[in-house]
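The primary structure of each chain is shown beneath.
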Amino acid sequence: MASMDTGGRRLHLVWRIAIVFGAATLIWLFIHWMGDALFGSGYDRGRHVASAVAATALAVPMVVLAYRHLDRLPWSGLRRASPGTVGRLLLLGMAGYLIPAGLAVAAITATGGLTIGLRGSLAEAVLSVLALVVLVFLYEALPEELVFRGYLFRNLATALPRWAAVLAQAALFTLFGVVVGAAGSVDRIVLFFAFAYVQGVIRAVTDTLWVPVGFHLAFQTAEQIVGPFWDRFAVSDLDLLQQIALGLIPLALGVFTVQALWGRTGDPSHPGGARPAWWRRRRGGRPRRG
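Residues numbered from 1 in each chain as written. Predicted model: local features only at pLDDT ≥ 70, side-chain atom pairs only at ≥ 80, totals over all residues. Heavy atoms only, no water.

Asker: Help me out: how do you make sense of the overall build of the chain in this one?
Answerer: If you tally the helices and strands in the chain, you get 8 helices and 2 strands. The helix and strand sequence of the chain, counted from the amino end, reads α-α-α-β-α-α-α-α-β-α. A burial count over the chain gives 44% of its 290 residues as buried. Relative to all contacts within the chain whose residues are 6 or more apart in sequence, the contacts with residues 24 or more apart total 74%. (Helix = DSSP H or I, 4+ residues; strand = E, 2+ residues; numbered from the N terminus. Buried < 20%, exposed > 50% of the residue type's maximum accessible area, 1.4 Å probe, protein only. Contact = heavy atoms within 4.5 Å.)

Here it is as structure tokens:
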């Protein structure tokens, strides 16, 4: 294992990770406290909107400042993708979740194990999904991935083998969930670790942050839209739908689906790999890294 001390004028790696992890935890604890103070302890759509805006407004600048002042990394040193590149990567991550989840829902429904009905009109359901996509992106997918599969994974991977970095960031994400109250039971702790592990492997395999963001976005949107807070679907067995069809099966198959779409079968310890044909640009035929 490489030395944990990166030398130079930067803080020790352990301190950098501790500072960013602690700052992220305090941000989410503050958001929860603010939500309780302004909207009460139950679910409220206004609270969801305020929390989503606050999460991105606080977490994204925090990570940018950490790169600049803790890692001494100039903005030009961070790989930045074009909007078109980001869009394709997001869609790839979303497809990595939605394909196995959709097949699982279809299979269970076809066997009679599950019935799903629409509450209200199709237009209302579509508008709800679009609104939830924005909220999930701002509250969970972008800020959480930027912290855990972005800053923390990037730093851990400079000192640890990729497989160890994947496990370490998963452990940190699980601890984060416990501290902020999102993982308050054994099954939730297992879910947090499994989800973070899958996300870490996808991050290592694709060597980009945006595919995990897309996977996270699709996962949380699907899980929440079928739940009681949005009340758009009548589901005969919500636990079966959320825990198995939208949870266990796509998490188990997500990495393989992403790898298949990515155009390679690889080892998480060797990130990147060959891009699929649709990824290559005409000019020089070289892929653009995201």
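Asker: Would you take a moment to explain the environment of A204 for this structure?
Answerer: Its location among the elements puts A204 in helix α6 (residues 186–206). The spacing of A204 and F153 is 51 residues in sequence and 8.9 Å in space, taken between C-alpha atoms.

Asker: Is there a simple way to think about the side chain of E140 in this case?
Answerer: Position of E140 among the secondary structure elements: in helix α4 (residues 122–156). Among buried charged residues, E140 stands out as having no salt bridge; its nearest opposite-charge side chain is R188, 7.9 Å away. (Lys, Arg positive; Asp, Glu negative; His and termini not counted. Salt bridge = Lys/Arg side-chain N within 4 Å of Asp/Glu carboxyl O.)

Asker: What's the story with the environment of A260 in this structure? I'm lost.
Answerer: Along the polypeptide, A260 turns up in helix α8 (residues 238–262). Note on A260: relative accessible area 62%, which makes it exposed. In sequence terms A260 and G96 are 164 residues apart; their C-alpha atoms lie 8.9 Å from each other.

Asker: Any chance you could explain the environment of F153 here in plain terms?
Answerer: Its place among the elements puts F153 in helix α4. Look past the residues within four positions of F153 in its chain and what remains in contact with it is F148, R162, A165, V166, Q169, G200, R203 and A204.

Asker: Just to check I follow, could you spell out the confidence of the model for the chain for this structure?
Answerer: If pLDDT is low for a region, its predicted coordinates should not be looked at in detail. On average, residues of the chain score 88 in pLDDT, and 86% of them are at 70 or above. Predicted confidence for residues 1–7 stays below pLDDT 50, and this span has 13 contacts to residues more than four positions away or in other chains. (pLDDT = per-residue confidence, 0-100.)

Asker: For this particular structure, what's the right way to read the packing of aromatic side chains?
Answerer: Going through the model one piece at a time under the given rule, you end up with 13 aromatic pairs. Consider the rings of F21 and F148, whose centres lie 6.4 Å apart with planes at 85°: the pair is edge-to-face. On the criterion of sequence distance, the pair formed by F21 in helix α1 (residues 13–39) and F148 in helix α4 is long-range, its members being 127 residues apart. The pair F21 / F148 is uniform in exposure class, with both members buried. Taken together, a centroid distance of 5.0 Å and an interplanar angle of 85° make the contact between F148 and F173 edge-to-face. One end of the pair, F148, is in helix α4; the other, F173, is in helix α5 (residues 162–180), with 25 residues separating them in the sequence. Classification of F148 as buried rests on a relative accessible area of 0%. (Phe/Tyr/Trp six-rings, centres within 6.5 Å; stacked < 30°, edge-to-face > 60°.)

Asker: What is the right way to read the side chain of R47 from this model?
Answerer: Along the chain, R47 falls in helix α2 (residues 45–70). Owing to a relative accessible area of 13%, R47 belongs among the buried residues under this scheme. Not counting residues within four places of it along the chain, the set of residues in contact with R47 comprises H32, G35, D36, F39, G40, S41 and G42.

Asker: Sorry if this is basic, but what is going on with a nonpolar patch on the surface here?
Answerer: Taken together, L26, L29, L175, V178, V179 and I189 make up a surface patch of nonpolar side chains, about 470 Å² in accessible area. Top element by residues in the nonpolar patch is α5. It accounts for 3 residues. With respect to the element layout, L26 can be found in helix α1. The class for L26 is exposed, based on a relative accessible area of 58%. (Patch = residues over 30% accessible without salt bridge, like charges linked within 9 Å, V, L, I, M, F, W, Y side chains within 5 Å. Areas by Shrake-Rupley, 256 points an atom, 1.4 Å probe, with all protein chains shown as cover.)

Asker: Just to check I follow, could you spell out the packing of α6 against α8 for this structure?
Answerer: Packed helices, taken two at a time, are described by the angle between their axes plus the distance between the axes. One way to put it is that α6 packs onto α8 with a least axis distance of 9 Å and a crossing angle of 10°. In this view, α6 runs roughly parallel relative to α8, as classed from their interaxial angle. Between α6 and α8, the residues in contact are L191, F195, V198, V201, I202, V205 and T206 and L251, V255, V258, Q259 and W262, respectively. When grouped by side-chain class, the residues that make up the contact of α6 with α8 number 10 nonpolar, 2 polar and no charged. (Axes fitted to C-alpha atoms, helices over the stretch in contact; angles between N-to-C directions. Parallel < 35°, antiparallel > 145°, perpendicular 65-115°, else oblique. Nonpolar A, V, L, I, M, F, W, Y, C, P; charged D, E, K, R; others polar.)

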